Amino acid sequence: MRLKTFQARNMAQALAEVRKVLGEDAIIVATVPAEDGRGVVVTAAVDGAARPSVATPTAVPAAEAVLAERRAAAGRRRPGAAEMPLRSGPRAVPPAAPPPDLPPASPPARPGLRSRADDVDDEIELEFEREETASITPAAAATARREAAAAEEDPETVSKAVSPELAQIERALAFHGVGGQTGRRLLAMVRERLRAGEAPDRALAQALDRVVGFDPLGRTAGRPQALALIGLAGAGKTVTVAKLAARALTQGRRLTVVTADTIRAGGVEQLAAYTGLLGIDLLVAGSSRELARVAARARADAAGEPMTLLVDTAGVNPFFTEETEELATLLDAAELEPVLVLPAGIDPFEAADQGAAFSVLHPRRAICTRLDGARRLGAVICAAAAARVRLSEASVTAHVSEGLNPLSATGLAQLLLRDPLNLRPAKLDRDAEIRP
C-alpha cells in the first residue's frame, strides 16, 4: 500500500489532487488542519500491488458452501428455535474485488443553448419551491396567529410573545420534522437561552447538547475499542465499518475486522472488498461463541497496544424481540460496545419508535448516515433522543475514501438553521468548525 500526504487550501482541492496523483481508487485515511491554520493536510492511500481476486480455488468454494448452508438454515428457522451450531471457527475471507466501474456519463449539453427540457426543469424547480413553502406554512401560520392575538391585546407585547429569533428556530425545527416531546424540549430550552441574550445558532446548539448530546469516537482514541455497529438493515453499517477501519490504520492501531452478517446475500463479500483495499483480512463469525473467541484473541494479541475491534452485525428489526435478544447475546459474549447507526431522511416518528426499541441494547453513541441524500434531519435527532444515545460521527458520502465527520452541537445547529428552500441535500462543511 502506498501512502502520500497532500496539503491544500480546502478539502475540495485536496481531493482533486489525490485523485490526480493516486487515481480514483485512492482512500482518504486522515484529514487534519494544517499547522499554520491555513488549509488542510490529507493523507491518502492506494493499493500498489495487483488487486487480489475475489477468492482462491481452494478457499472460496468452502466459504461459499458454509455461507449457503447458514442462509438456508436461517430460512428454515422459526421464532424461538435454537441456534444451529457452526462447524468451524472464524475464517479469513479473501478480499473481494470491487464492482466494475460504471460507463462514462454522457457529455454535457453545449452552453448557451436552451431546449424545452430546460423549461420543464425550471417548472419542476418552481413546483419544488411551492411544495417546500407549503411544508413550512403550518409552523409559520401558528407563529403568525400568536403574534396577531398578542397585537390585538397589546401591540407592545408582540416582540415579547414571539421573537423573530424564536420564530426562525420554530420554522427550522418544523421543516426538519423535529416534533413531539423532543421538539417541545428543544424549543423550551431555546426560548430560555434567547431570553438570556444568546444568538439563535448558539441557543439551538446549547439546547441540542442538553437534549441529545455529542460524544465523538475520537475521544477514546488512546484506549482499546471494541465496537459493534447495530441498526436496521440498509442503514449503512458495512460502509461505516470500512471508514472506521481506515481511520484505525491511519492511527497505527492494531485492527481486527469481523462480520457477523452471514445471512444477508453479499454481506460478507461487500465488506471483504473494502478490507481488501486496506490490505487486511476479514474474519467471519456466525455465532456468539465464535465472536467471543475472535474478540478474546484480538485483545490478547494487542498486548497493551492501542487496539480496535470492529464488528459488522446483521440488520435487525428492533420490534422483534427474538432478533434483539439474539443480537444482545452476541454483544454480551464478545463484550462489545454497541454503536447505533441512524440513517437520515426517514419519517421522524418512525425513527423515534425505532430508537426507543433499540434502547434495550443499551447503546451509548450513534453514527448518522445518508446525510448526502437527506434534506431533513429530524429522524436522526428524534431517534437519538428516544434511544438516549449521544451523536458521535456523521457520514456525508457513501464513498469510503472520504471518511466520517465528528458531529458537534454547533455543526448540527448550523445545518438545521440553513434556508429550508435550499434544494441541496444536507452536507457538513469540511472547512467549518464542527469539532466539539
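Residues numbered from 1 in each chain as written. Predicted model: local features only at pLDDT ≥ 70, side-chain atom pairs only at ≥ 80, totals over all residues. Heavy atoms only, no water.

Caption draft 1: Expanded view of the pattern of salt bridges. Summed over all chains, the structure comprises six salt bridges. In this structure, R264 and D261 form a salt bridge, with 2.9 Å as the shortest nitrogen-oxygen distance. Exposure remark for D261: the relative accessible area of 4% places this residue in the buried category. Across the salt bridge formed by R364 and E337, the nearest N and O atoms sit 3.2 Å from each other. You can see R364 sitting in the loop between α12 (348–358) and β10 (365–369) and its partner E337 sitting in strand β9 (residues 337–343), a full 27 residues away along the chain. Taking relative accessible area as the criterion, R364 reaches 48% and is therefore assigned partly exposed. For E337, a relative accessible area of 15% translates into the label buried. (Salt bridge = Lys/Arg side-chain N within 4 Å of Asp/Glu carboxyl O. Buried < 20%, exposed > 50% of the residue type's maximum accessible area, 1.4 Å probe, protein only. Helix = DSSP H or I, 4+ residues; strand = E, 2+ residues; numbered from the N terminus.)

Caption draft 2: Layout of the packing of aromatic side chains. Under the definition given, this model contains zero aromatic pairs. Stacked on the ring of F175, the Lys or Arg R376 has its end atom at 4.4 Å from the ring centre. (Phe/Tyr/Trp six-rings, centres within 6.5 Å; stacked < 30°, edge-to-face > 60°. Lys NZ or Arg CZ within 6 Å of the ring centre and 35° of its normal.)

Caption draft 3: Main features of the pairing of strand β8 (residues 307–312). Of all the six residues making up β8, six are buried; the element is thus mostly covered by neighbouring parts of the structure. Taken together, the five bridges between strand β5 (residues 225–230) and β8 define a ladder with parallel strand orientation. Each residue of the ladder has a partner; that of L229, found in β8, is D312. With six bridges connecting them, strand β6 (residues 254–259) and β8 associate as parallel partners. From the neighbouring strand, R254 faces β8, where its bridge partner is M307. (Pairing = 2+ DSSP bridges.)

Caption draft 4: Expanded view of the environment of A314. Positionally, A314 belongs in the loop between β8 and α11 (321–334). According to the relative accessible area criterion, A314 is partly exposed, its value standing at 25%. Through-space distance from the C-alpha of A314 to that of A233 is 7.1 Å; in sequence the pair is 81 residues apart.

Caption draft 5: Just the side chain of T259, in detail. Tracing the chain through its elements places T259 in strand β6. On the basis of relative accessible area, T259 is assigned to the buried category, the value being 0%. Look past the residues within four positions of T259 in its chain and what remains in contact with it is V268, L271, L282, L283, V284, A285 and D312. (Contact = heavy atoms within 4.5 Å.)

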